[in-house]
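Below are the chains, spelled out letter by letter.
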There are 2 protein chains.
Amino acid sequence: MFDHCLYFNTTALARQLERVWSEAFKPFDLTPSQAFTLRAVLAKPGMLHSELAGTLRIARATATRAVDGLVARGLLERRSTKQDGRESEIHPTPAALTLKDGLNDASSKVTARLKDELGDGTFAGFVEQAKSIGSHLP
Amino acid sequence: MFDHCLYFNTTALARQLERVWSEAFKPFDLTPSQAFTLRAVLAKPGMLHSELAGTLRIARATATRAVDGLVARGLLERRSTKQDGRESEIHPTPAALTLKDGLNDASSKVTARLKDELGDGTFAGFVEQAKSIGSHLP
DNA sequence: CCCATATAGTTGCATAGCTAACCAATTGAG
DNA sequence: CTCAATTGGTTAGCTATGCAACTATATGGG
């Protein structure tokens, strides 16, 4: 019925992938959103909220809530900057640091598995196209 | 940072497309989900909830709620079937019938515009790949 | 015929996302 | 220097989605 619809097929695929990545991060008891938020901060400790929103391509409000959740879980903490009283830096706690390699490994593993199952070229080509299409949209 | 991640890029694109299609259906005061639900039922009046869930590739519970919303808006109605007391058919109301062509036109228009902006081959190829990847996932 | 099992749909609870409106701090034009 | 405009972040309120547990109705084996 919506066989040729870009919206329909992309959103449906996104929901399927949500399930696959949920499974991958389940050992850490983190959802994909939480895991990606954490990975972003672990890759650049001290980043600001707006920077996180940009990195994750989500709205600032959503970034606020993602950080709230991980602060409550004891994995992130906020520190206000000296220079600008509006900003606050996001830092991983020691507990988060112990997860860093595991999270990155879990991601690599699921990626490698899918590349294997789908074919390496298909995989990379699709991701490139997704980025290219996104770059043409508002 | 997540430049080569299938999950990340697909979900990010899905969110962008959500915005584009929201705009397309705004004249009808319908969200994309509502519009697609309605289009599915208009294409096959009397379909059952589980069939709708299958068509839209969403969970049955989500289909229940989508129909709830459109029943409240006076666009759909439920009718229990004679044969099986568990089932209920979903039918468009007369109000919904007047929207049918408009909705399908709006979809065609946004699709045509994107095909034009992205290139016809890119568009179709991407959709095919999305379906193919989905078909390899659980 | 009756109970165990299966199926259609619903409900409860939770997550993630958005926009719009807001607060607080900074900046800059006059 | 002061006040208007901007900017970083938060809050409120909404939608869509999922899973798990539930209700109610069939159905089929003994």
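- The name given to chain A in an unreviewed UniProt entry is DNA-binding MarR family transcriptional regulator, with Rhizobium wenxiniae as the source organism.

## Some details on the protein's contact with DNA strand C
Moving on, step 1. Around DNA strand C sit 25 residues, and of these Thr-31 and Ala-59 of chain A together with Ser-50, Arg-60 and Arg-86 of chain B come closest.
Moving on, step 2. Of all DNA strand C atoms lying within 4 Å of any protein atom, the proportion belonging to sugar or phosphate reaches 61%.
Moving on, step 3. Here a phosphate oxygen of DNA strand C sits 3.3 Å away from a polar atom, N or O, in the side chain of Arg-19 of chain B.
Moving on, step 4. Looking at the surface near DNA strand C, the elements that each hand over two or more residues are helix 2 (32–43) and helix 4 (60–72) of chain A together with helix 1 (6–25), helix 3 (49–56) and helix 4 (60–72) of chain B.
Moving on, step 5. Tallied by class, residues from the surface near DNA strand C come to five nonpolar, ten polar and ten charged.

## Some remarks on the packing of aromatic side chains
Moving on, step 1. Scanning all chains against the criterion turns up 13 aromatic pairs over all chains.
Moving on, step 2. Seen in terms of ring centroids, Phe-8 of chain A and Phe-36 of chain B are 6.4 Å apart; in terms of plane orientation they differ by 20 degrees. Their pairing is stacked. Within this pair, whereas Phe-8 of chain A is found in helix 1 (residues 6–25), its partner Phe-36 of chain B is found in helix 2 (residues 32–43), the two belonging to separate chains. For the pair formed by Phe-8 of chain A and Phe-36 of chain B, the shared burial category is buried.
Moving on, step 3. The residue whose ring lies beneath Arg-39 of chain A is Phe-36 of chain A, and the NZ or CZ to ring-centre distance is 5.2 Å.

## Some thoughts on helix 7 (residues 120–135) of chain B
Residue and element names in this part refer to chain B.
Moving on, step 1. Helix length check: helix 7, at 16 residues, gives a terminal C-alpha distance of 23 Å against a target of 22 Å (1.5 Å per residue), a fit within 8%.
Moving on, step 2. The set of residues buried in helix 7 consists of Phe-123, Phe-126, Val-127, Ala-130, Ile-133 and Gly-134. End-on, the buried residues of helix 7 take up no more than an arc of 130 degrees, which puts them together on one face. Looking at helix 7, the residues exposed on the side facing more than 90 degrees away from the buried face are Gly-121 and Ser-135.

## Describing the relation of the copies chain B and chain A
Moving on, step 1. Its rotation angle being 180 degrees, the transformation that places chain B on chain A also includes 0.0 Å of axial translation and leaves an RMSD of 0.0 Å. Taken together, the rotation angle and the small translation identify this as a two-fold axis.
Moving on, step 2. Taken as a fraction of all interface residues of chain B, those also at the interface in chain A reach 100%, which identifies the copy contact as same-surface.

## What to know about the protein's contact with DNA strand D
Moving on, step 1. The environment of DNA strand D is formed by 25 residues, the closest being Arg-60 and Arg-86 of chain A together with Thr-31, Ala-59 and Gly-85 of chain B.
Moving on, step 2. Atoms of DNA strand D within 4 Å of the protein belong to the sugar or the phosphate in 61% of instances, the rest to bases.
Moving on, step 3. One of the side-chain N or O atoms of Arg-15 of chain A is found 3.4 Å from a phosphate oxygen in DNA strand D.
Moving on, step 4. Between DNA strand D and Ser-88 of chain A, the relevant distance is 3.1 Å, taken from a phosphate oxygen to a main-chain nitrogen or oxygen of the residue.
Moving on, step 5. Of all the secondary structure elements, the ones that give two or more residues to the surface near DNA strand D are helix 1, helix 3 (49–56) and helix 4 of chain A together with helix 2 and helix 4 of chain B.

## Observations regarding the pairing of strand 3 (residues 88–92) of chain A
All names here are of chain A.
Moving on, step 1. Across the five residues that make up strand 3, a large majority, four, are buried.
Moving on, step 2. Relative to strand 3, strand 1 (residues 47–48) runs antiparallel, the two sharing two bridges. Bridge pairing in strand 3 links Leu-48 to Glu-89.
Moving on, step 3. Pairing between strand 2 (residues 76–80) and strand 3: five bridges, direction antiparallel. When the bridges of strand 3 are listed, Ser-80 appears paired with Ser-88.

## Digging into the interface of chain B and chain A
Note: interface size is frequently given as the accessible area lost on complex formation between the parts.
Moving on, step 1. Every contact between the two is made by 48 residues of chain B and, on the other side, 48 residues of chain A.
Moving on, step 2. Looking only at chain B, the three residues that lose the most surface to chain A are Leu-6, Tyr-7 and Phe-126 of chain B, adding up to 15% of its buried area.
Moving on, step 3. As a salt-bridge pair, Lys-131 of chain A and Asp-3 of chain B come within 3.5 Å of each other at their nearest N and O atoms.
Moving on, step 4. Taken together, the connections running from chain B to chain A amount to 14 residue pairs in polar contact (both at pLDDT 80 or more).
Moving on, step 5. Every element with two or more residues in the side of chain B that touches chain A is listed here: helix 1, helix 2, helix 3, helix 6 (100–118) and helix 7 of chain B.
Moving on, step 6. Ranked by residues supplied to the side of chain B that touches chain A, first place goes to helix 1 of chain B with 16 residues.
Moving on, step 7. When its residues are assigned to classes, the side of chain B that touches chain A shows 27 nonpolar, twelve polar and nine charged.

## Re the sheet that holds strand 3 of chain A
All names here are of chain A.
Moving on, step 1. Across the sheet, which stays open at both edges, the three strands sit in the order 1-3-2 with antiparallel pairing between neighbours. What marks the edges here is a single partner per strand, and that holds for strand 1 and strand 2.
Moving on, step 2. Contacting strand 2 and strand 3, helix 4 crosses the sheet at an angle of about 115 degrees to strand 2.

## A closer look at the environment of Thr-55 of chain A
Moving on, step 1. With respect to the element layout, Thr-55 of chain A can be found in helix 3.
Moving on, step 2. Considered as a pair, Thr-55 of chain A and Arg-73 of chain A are 18 residues apart in the sequence and their alpha carbons are 22 Å apart.
Moving on, step 3. The contacts of Thr-55 of chain A, once residues within four sequence positions are left out, are Ala-40 and Met-47 of chain A together with Met-1, Phe-2 and Phe-8 of chain B.

Quick notes on the rules
- Residues numbered from 1 in each chain as written.
- Chains lettered and ligands numbered in written order.
- Predicted model: local features only at pLDDT ≥ 70, side-chain atom pairs only at ≥ 80, totals over all residues.
- Heavy atoms only, no water.
- Near = heavy atom within 4 Å.
- Polar contact = N/O pair within 3.5 Å; in protein donor to acceptor, adjacent residues only side chain to side chain.
- Helix = DSSP H or I, 4+ residues; strand = E, 2+ residues; numbered from the N terminus.
- Nonpolar A, V, L, I, M, F, W, Y, C, P; charged D, E, K, R; others polar.
- Phe/Tyr/Trp six-rings, centres within 6.5 Å; stacked < 30°, edge-to-face > 60°.
- Buried < 20%, exposed > 50% of the residue type's maximum accessible area, 1.4 Å probe, protein only.
- Lys NZ or Arg CZ within 6 Å of the ring centre and 35° of its normal.
- Expected span 1.5 Å × (residues − 1).
- Arc of directions from axis to C-beta.
- Least-squares fit on C-alpha atoms with pLDDT ≥ 70 in both.
- Contact = heavy atoms within 4.5 Å.
- Pairing = 2+ DSSP bridges.
- Buried area = accessible area lost by both parts, 1.4 Å probe.
- Salt bridge = Lys/Arg side-chain N within 4 Å of Asp/Glu carboxyl O.
- Axes fitted to C-alpha atoms, helices over the stretch in contact; angles between N-to-C directions.

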